[in-house]
Amino acid sequence: MAKTSDYYISGVWKDSSQVITHVMLHPVTDNNGFHRGEKTIESEVIKLIKQGNIIKTITWGYPGWNIGAKVGAVTISGREYLKTDANATVKDNLDNSISMTQIK
């Protein structure tokens, strides 16, 4: 099976305004598995996307992880944000990722 993406996002950290500041970013293996994630600042993820890396969400759905939507970057009022494909299902949205706020 061909590698479907370069990274997965499994969770997010948000500030007091509910804006994503960091994500849990996992490098994807050749067989579409993934390695332990690392807390990564949003701007670094946007940089990876601009460099041509494919990043998708993953959501937990017992008994395993489900690959979700492709993550892109958008600019609104001069600020860049992460965004999933608007045509994907609701569960694929970054807002539905695990909230990592309590994890430092």
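Residues numbered from 1 in each chain as written. Predicted model: local features only at pLDDT ≥ 70, side-chain atom pairs only at ≥ 80, totals over all residues. Heavy atoms only, no water.

S.K.: Can you explain the overall build of the protein chain? Please cite residues and give values.
M.R.: On a plain count of helices and strands, the protein chain comes out with 1 helix and 7 strands. Secondary structure of the protein chain in N-to-C order comes out as β-β-β-α-β-β-β-β. Sorting the 104 residues of the protein chain into buried and exposed places 36% on the buried side. When contacts within the protein chain are restricted to residue pairs at least 6 apart in sequence, long-range pairs at least 24 apart make up 43% of them. (Helix = DSSP H or I, 4+ residues; strand = E, 2+ residues; numbered from the N terminus. Buried < 20%, exposed > 50% of the residue type's maximum accessible area, 1.4 Å probe, protein only. Contact = heavy atoms within 4.5 Å.)

S.K.: Tell me about the pattern of salt bridges, and please be specific about residues and values.
M.R.: Side chains carrying opposite charge are able to pair once their charged atoms draw close together. For the structure on display, the rule yields 2 salt bridges. Note that Arg79 and Glu42 form a salt bridge whose closest N and O atoms lie 3.1 Å from each other. Placement of Arg79 in strand β6 (residues 79–84) and of Glu42 in helix α1 (residues 42–50) is noted, with a sequence separation of 37 residues between them. We note a salt bridge from Glu80 to Lys50, for which the minimum N-O separation is 2.4 Å. Of this pair, Glu80 sits in strand β6 while Lys50 sits in helix α1, and the two are 30 residues apart along the sequence. (Salt bridge = Lys/Arg side-chain N within 4 Å of Asp/Glu carboxyl O.)

S.K.: Tell me what's going on with the environment of Gly68, and back it up with residues and numbers.
M.R.: Among the structural elements, Gly68 can be located in strand β5 (residues 64–76). Residues Gly68 and Thr57, 11 residues apart in the sequence, show an inter-C-alpha distance of 4.8 Å.

S.K.: An account of the packing of aromatic side chains is needed here, citing residue identities and associated values.
M.R.: Considering all chains together, one arrives at 3 aromatic pairs under this definition. Where Tyr8 meets Phe34, the ring centres are 5.8 Å apart and the plane angle is 85°; that geometry is what we call edge-to-face. With a gap of 26 residues between them, Tyr8 in strand β1 (residues 7–14) and Phe34 in the loop between β2 (20–27) and β3 (38–41) connect regions that are remote in the sequence. For Phe34, a relative accessible area of 30% gives the class partly exposed. The interplanar angle of 75° and the centroid separation of 5.4 Å between the aromatic rings of Trp60 and Trp65 together place this pair among those described as edge-to-face. Residue Trp60 is classed as partly exposed on the basis of its relative accessible area of 49%. The partly exposed category is assigned to Trp65, whose relative accessible area is 34%. (Phe/Tyr/Trp six-rings, centres within 6.5 Å; stacked < 30°, edge-to-face > 60°.)

S.K.: Residue-level account of the pairing of β1, with values.
M.R.: Buried residues dominate β1, accounting for 6 of its 8 residues. Relative to β2, β1 is paired through 7 bridges, and the arrangement is antiparallel. Considered in β2, the bridge of Tyr8 is made with His26. Linking β1 to β2, which pair antiparallel, is a turn of 5 residues; within it Gln18 sits at a positive phi near 65°. (Pairing = 2+ DSSP bridges.)

S.K.: Please provide a residue-by-residue account of the pairing of β5, values included.
M.R.: Strand direction decides the pairing type here: strand β4 (residues 55–61) and β5, joined by 5 bridges, are antiparallel. Within β5, the residue paired with Ile58 across the bridge is Ile67. Pairing analysis gives 6 bridges linking β5 to β6, with the strands arranged antiparallel. Its bridge partner lying in β6, Ile76 is registered against Arg79.

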